[in-house]
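Observations on the model geometry
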Amino acid sequence: MTWPERFEAELVRLGVPEPRARRLTEDTAAQAAEHAADPAGLFGPAHLYARHLVTELSAPVGPEPPRFATAGPVLLRLAGVGKRFRRRTVLRDVDLTVRAGQVAAIVGANGCGKSTLLRICAGLTRPDAGTVHRTRRVGYVPQDGGTAGWLTADEHFTLFGAAAGVVPRRARSTGTHLAARLAWRPDAGQRVQQLSGGTRQKLNLVLGELHGPDLLLLDEPYQGFDQGTYLDFWRQVHAWRDAGRAVVVVTHLLHDLGNVDHVLDLGER
Ligand SMILES: Nc1ncnc2c1ncn2[C@@H]1O[C@H](COP(=O)(O)OP(=O)(O)OP(=O)(O)O)[C@@H](O)[C@H]1O
């Protein structure tokens, strides 16, 4: 059996539907060809890489991936959170609990403190009151991104992967697969400053997920997305949820709210 045949057979054995397993195998072969490497050298043993992909990409393990019937463990809990900037109180007595397998939206008027609250969730801003408990593996996607214009997407995968202890080849292959889920195929020679705003936003999303976090914190993550990518984005959020992850999305789009389990409305400014 060749490496691609073993890889595809293992994906199918793990429950990935055959057409999807075939597409993943073709994608993987194309990546190996792009790197002028044989797949075994680039990805390691076929069965292990197939298992890694199924886990990392939350690939469906059956035709109907199960929704978490009952809520899983708490991955984020805020109690009585408050925040002031100088004399101005931005957040007062905010409670939020998000469990594995749930999606929460944070909504409210411009300037009411949505991004501040998400930064508190991520541990980047310290609250003045209340408590925050979060799982250790957190992926945070800021509104304005955290990318460097002079680096390529692949270099970002390597850099962010290294920060999370992922070896470069694995980081690049995971990044490429996650990008494909948003219908994006990164161009090896293209710097981030040459990408469109929507594509840069796809990169931000991929970087937030690269290390396989349990909790994803997304600050208006779809800016610049066209309609198709916007739908791909929500499909991806639901795949994370169905794989038992928790997602918190800051949004101002009311029609997003049909896609979520909880809405935290911070109200007027
Ligand atoms: N580091 C900071 N220092 C001082 N004020 C700040 C700081 N960060 C945010 N603010 C203020 O806190 C308020 C809330 O800001 P935040 O960005 O959290 O609001 P938001 O609800 O996300 O807004 P938008 O919908 O416009 O994105 C704003 O008035 C903002 O100017």
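For the structure given in this document, a descriptive report is provided here. (Residues numbered from 1 in each chain as written. Predicted model: local features only at pLDDT ≥ 70, side-chain atom pairs only at ≥ 80, totals over all residues. Heavy atoms only, no water.)

**Considering the side chain of asparagine 204**
- Tracing the sequence through the fold places asparagine 204 in helix α8 (residues 197–209).
- Relative accessible area serves as the criterion here: at 8%, asparagine 204 is assigned to the buried category.
- Leave out the neighbours within four places in its chain, and asparagine 204 touches Val141, Gly145, Gly146 and Thr147. (Helix = DSSP H or I, 4+ residues; strand = E, 2+ residues; numbered from the N terminus. Buried < 20%, exposed > 50% of the residue type's maximum accessible area, 1.4 Å probe, protein only. Contact = heavy atoms within 4.5 Å.)

**Some details on the site of the ligand**
- Taken together, the neighbourhood of the ligand is formed by Phe85, Arg88, Val90, Ala109, Asn110, Gly111, Cys112, Gly113, Lys114, Ser115, Thr116 and Gln143.
- A distance of 3.0 Å separates an oxygen atom of the ligand from a polar side-chain atom of asparagine 110.
- Note that an oxygen atom of the ligand is positioned 2.9 Å from one of the backbone N or O atoms of glycine 111.
- If the ligand stood free it would expose 640 Å²; the protein chains cover 58% of that surface.
- Elements represented by at least two residues in the shell around the ligand include exactly β2 (88–99) and α5 (114–122).
- Top element by residues in the shell around the ligand is α5. It accounts for three residues.
- Split by residue class, the shell around the ligand holds four nonpolar, six polar and two charged. (Near = heavy atom within 4 Å. Polar contact = N/O pair within 3.5 Å; in protein donor to acceptor, adjacent residues only side chain to side chain. Areas by Shrake-Rupley, 256 points an atom, 1.4 Å probe, with all protein chains shown as cover. Nonpolar A, V, L, I, M, F, W, Y, C, P; charged D, E, K, R; others polar.)

**Here's the deal with the packing of aromatic side chains**
- Counted by the stated rule, this structure contains five aromatic pairs.
- Plain terms: the ring middles of tryptophan 3 and phenylalanine 7 are 5.1 Å apart, the flat faces sit at 20° to each other, and that makes the pair stacked. Of this pair, tryptophan 3 and phenylalanine 7 both sit in helix α1 (residues 3–13), four residues apart, which is roughly one turn of the helix. Here tryptophan 3 matches phenylalanine 7 in class, with each residue buried.
- Where phenylalanine 233 meets tryptophan 234, the ring centres are 5.2 Å apart and the plane angle is 70°; that geometry is what we call edge-to-face. Residues phenylalanine 233 and tryptophan 234 agree in their burial class; the two are buried.
- An aromatic cluster of three or more residues is present, and its members are Tyr222, Phe225, Tyr230, Phe233 and Trp234. (Phe/Tyr/Trp six-rings, centres within 6.5 Å; stacked < 30°, edge-to-face > 60°.)

**Focus on the sheet that holds β2**
- Spatially, the three strands line up as an open sheet ordered β2-β1-β4, and their pairing is antiparallel. Two strands lie at the open edges of the sheet, namely β2 and β4 (129–134), each paired on one side alone. Averaged over all pairs of adjacent strands, the angle between strand axes in this sheet comes to 15°, irrespective of strand direction.
- Helix-sheet contacts for α5 involve β1 (74–85), β2 and β4, and the interaxial angle to β1 is about 130°. (Pairing = 2+ DSSP bridges. Axes fitted to C-alpha atoms, helices over the stretch in contact; angles between N-to-C directions.)

**Some remarks on the layout of surface pockets**
- Of the pockets and cavities examined, the largest pocket occupies roughly 370 Å³.
- As for the largest pocket, its lining consists of 13 residues, and the residues nearest its centre are Arg20, Arg23, Ala180, Arg181 and Gln236.
- Within the residue set of the lining of the largest pocket, elements represented by two or more residues are α2 (18–34), α7 (168–181) and α9 (227–242).
- Classifying every residue of the lining of the largest pocket by side-chain character gives four nonpolar, three polar and six charged. (1 Å grid on protein atoms, 1.4 Å probe; cavity = no way out; pocket = protein on both sides within 12 Å on 5 of 7 lines; lining within 4 Å. Points joined across faces, edges and corners; volume = space filled by probe spheres on them.)

**Let's talk about α5**
- Judged by how many residues are buried, α5 sits mostly within the fold: seven of nine residues are covered.
- By the burial criterion, the buried members of α5 are Lys114, Thr116, Leu117, Leu118, Ile120, Cys121 and Ala122.
- Where α5 ends, the next residue or the one after it, glycine 123, has phi of about 85°, a positive value.

**As for α7**
- Helix length check: α7, at 14 residues, gives a terminal C-alpha distance of 20 Å against a target of 20 Å (1.5 Å per residue), a fit within 8%.
- Looking at α7, one finds that the buried residues are Ala171, Ser173, Thr174, Gly175, Thr176, His177, Leu178, Ala179 and Arg181.
- Directly after α7, the chain includes alanine 183, whose backbone phi takes a positive value near 55°. (Expected span 1.5 Å × (residues − 1).)

**Structural notes on the environment of proline 19**
- Summarising the element assignment, proline 19 is placed in helix α2.
- Along the primary structure proline 19 and valine 141 are separated by 122 residues, whereas in three dimensions their C-alpha atoms are 31 Å apart.

**Regarding the sheet that holds strand β7 (residues 246–250)**
- Read from one edge of the open sheet, five strands run β5-β6-β7-β3-β8, paired in parallel fashion. Strand pairing shows two members of the sheet lacking a second neighbour, β5 (138–141) and β8 (262–265), which therefore form its edges. Shown here is a sheet whose adjacent strand axes are inclined to one another by a mean of 15°, direction ignored.
- As defined by bridge partners, β5 adjoins strand β6 (residues 215–219) across four bridges and the pair is classed as parallel. Bridging from a neighbouring strand, tyrosine 140 pairs with leucine 217 of β6.
- Of the strands in this sheet, β3 (103–107), β5, β6, β7 and β8 touch α5, which is tilted by about 155° from β6.
- Across the sheet, α9 lies against β3, β6 and β7, angled at about 155° from β6, the strand it touches most.

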